Amino acid sequence: MDGLLFYWISWILWVIFTFLLKKTKVRFYLSVWILLLLSCSNTVVEILDYKVNIAIFVSFVCAILYMAKSPDWMYQLFGSLCMTFSYIGILLWELISPIWLFVPRIIIIPFLAMIMLYFIADNLIDKCMIWCLGLTSGEILHGLIMNSYGFQPVIGERSFFDLMFVGIGFQIIAKLIMIIKHNTENLLQSLERKLKMRWNHE
């Protein structure tokens, strides 16, 4: 069912941001952003000939505001632009030659984005904001392209937000794996040093 992953992941993240993280401006910003997305996710308006989900504007504006305060905003904007055209390219490729996409869109797009974001940004929040802005911009441009050919898709359907939050989930899992790997390496190095010291004393 479209939207299930979006609601599930977003509520988990909201609980983590609200109750488990330290009280910072970033935590407050992310909590409000998720609540706004959840509140607007069922509201579709018609602007000229386009049907648009209000939540897609929330995602776009919040990502822009976050990047505007970043010292590396130009680099992040360039990364978002790369993400935008990659997303549109995959969607058009899927439309023209669907047989080539042997993996579901909800898995392959976040996975490819995770690889791209590994080279674009280091900070987890920066990666998520670049991903959200790039994906949102891509969804809007894709909707405009499809409308110009006579199709009238809803820009920002629930399946789109499933995709966006699965991508965020992929980034968080990748970050947790890196933290576990780093802590394991430190633990093994500490044990190795202790064993060497013991052998030297003996």
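This structure is a prediction, so every number in the text was calculated from the model and none was measured.

**A look at the environment of Ile120**
Piece 1. Position of Ile120 among the secondary structure elements: in helix α5 (residues 105–120).
Piece 2. Counting along the chain gives 10 residues from Ile120 to Ile130, while the straight-line C-alpha distance between them is 9.0 Å.
Piece 3. Beyond its immediate chain neighbours, meaning those up to four positions away, Ile120 contacts Tyr75, Gly79, Met83 and Ile130.

**Some details on the sheet that holds strand β3 (residues 154–155)**
Piece 1. The sheet built from 3 strands is open, its strands ordered β1-β2-β3 with mixed pairing. Strand pairing shows two members of the sheet lacking a second neighbour, β1 (44–47) and β3, which therefore form its edges.
Piece 2. In the sheet, β1 pairs with strand β2 (residues 50–53) via 4 bridges, with the strands oriented antiparallel. Residue pairing across strands places Val44 opposite Asn53, the latter belonging to β2.

**Overview of the UniProt feature "transmembrane region" (unreviewed entry) in the chain**
Piece 1. In the UniProt entry, the feature "transmembrane region" (unreviewed entry) is given for residues 6–21, 28–44, 50–68, 75–93, 99–121, 128–151 and 163–180.
Piece 2. Span residues 6–21 is 94% helix and 0% strand, its end C-alpha atoms 21 Å apart.
Piece 3. Each end of residues 28–44 is marked by a C-alpha atom, and these two atoms are 26 Å apart; helix forms 76% of the span and strand 6%.

**Here we look at the packing of helix α2 (residues 25–40) against helix α3 (residues 54–68)**
Piece 1. One can describe the packing of α2 onto α3 by two numbers: an axis separation of 8 Å at closest approach and a directional angle of 165°. Considered as vectors, α2 and α3 are oriented roughly antiparallel to each other. Judged by the sense of rotation from one axis to the other, the crossing of α2 with α3 is right-handed. Between α2 and α3, the residues in contact are Tyr29, Trp33, Leu36, Leu37 and Cys40 and Ile54, Ala55, Val58, Ser59, Cys62, Ala63, Leu65 and Tyr66, respectively.
Piece 2. Of the residues assigned to the contact of α2 with α3, the class counts are 12 nonpolar, 1 polar and no charged.

**A look at the packing of helix α4 (residues 73–96) against helix α6 (residues 124–148)**
Piece 1. As a packed pair, α4 and α6 sit with axes 7 Å apart at the nearest point and diverge in direction by 45°. Between α4 and α6, the angle falls in the class oblique. For the crossing formed where α4 meets α6, the hand is right-handed.
Piece 2. Taken together, the residues that form the contact of α4 with α6 break down as 14 nonpolar, 8 polar and 2 charged.

**Structural notes on α5**
Piece 1. Taking 1.5 Å as the rise per residue, α5 with 16 residues should run 22 Å; its terminal C-alpha atoms sit 22 Å apart, in good agreement.
Piece 2. Buried residues of α5: Ile108, Ile109, Pro110, Ala113, Met114, Leu117 and Ile120, and no others.

**Re the confidence of the model for the chain**
Piece 1. Taken over all residues, the pLDDT of the chain has a mean of 86, while the share at 70 or more is 95%.
Piece 2. For the chain, helix α7 (residues 158–201) is the element with the lowest average pLDDT, namely 85, and α6 is the one with the highest, namely 91.

**Observations concerning unusual backbone geometry**
Piece 1. Within the chain, Leu48 stands out as a residue other than glycine whose phi angle is a positive 55°.
Piece 2. Here Leu48 lies in the loop between β1 and β2.

Rules used throughout
Residues numbered from 1 in each chain as written. Predicted model: local features only at pLDDT ≥ 70, side-chain atom pairs only at ≥ 80, totals over all residues. Heavy atoms only, no water. Helix = DSSP H or I, 4+ residues; strand = E, 2+ residues; numbered from the N terminus. Contact = heavy atoms within 4.5 Å. Pairing = 2+ DSSP bridges. UniProt positions renumbered as here; feature names shortened; annotations may be inferred. Axes fitted to C-alpha atoms, helices over the stretch in contact; angles between N-to-C directions. Parallel < 35°, antiparallel > 145°, perpendicular 65-115°, else oblique. Left-handed = near helix turned anticlockwise from the far one by under 90°. Nonpolar A, V, L, I, M, F, W, Y, C, P; charged D, E, K, R; others polar. Expected span 1.5 Å × (residues − 1). Buried < 20%, exposed > 50% of the residue type's maximum accessible area, 1.4 Å probe, protein only. pLDDT = per-residue confidence, 0-100.

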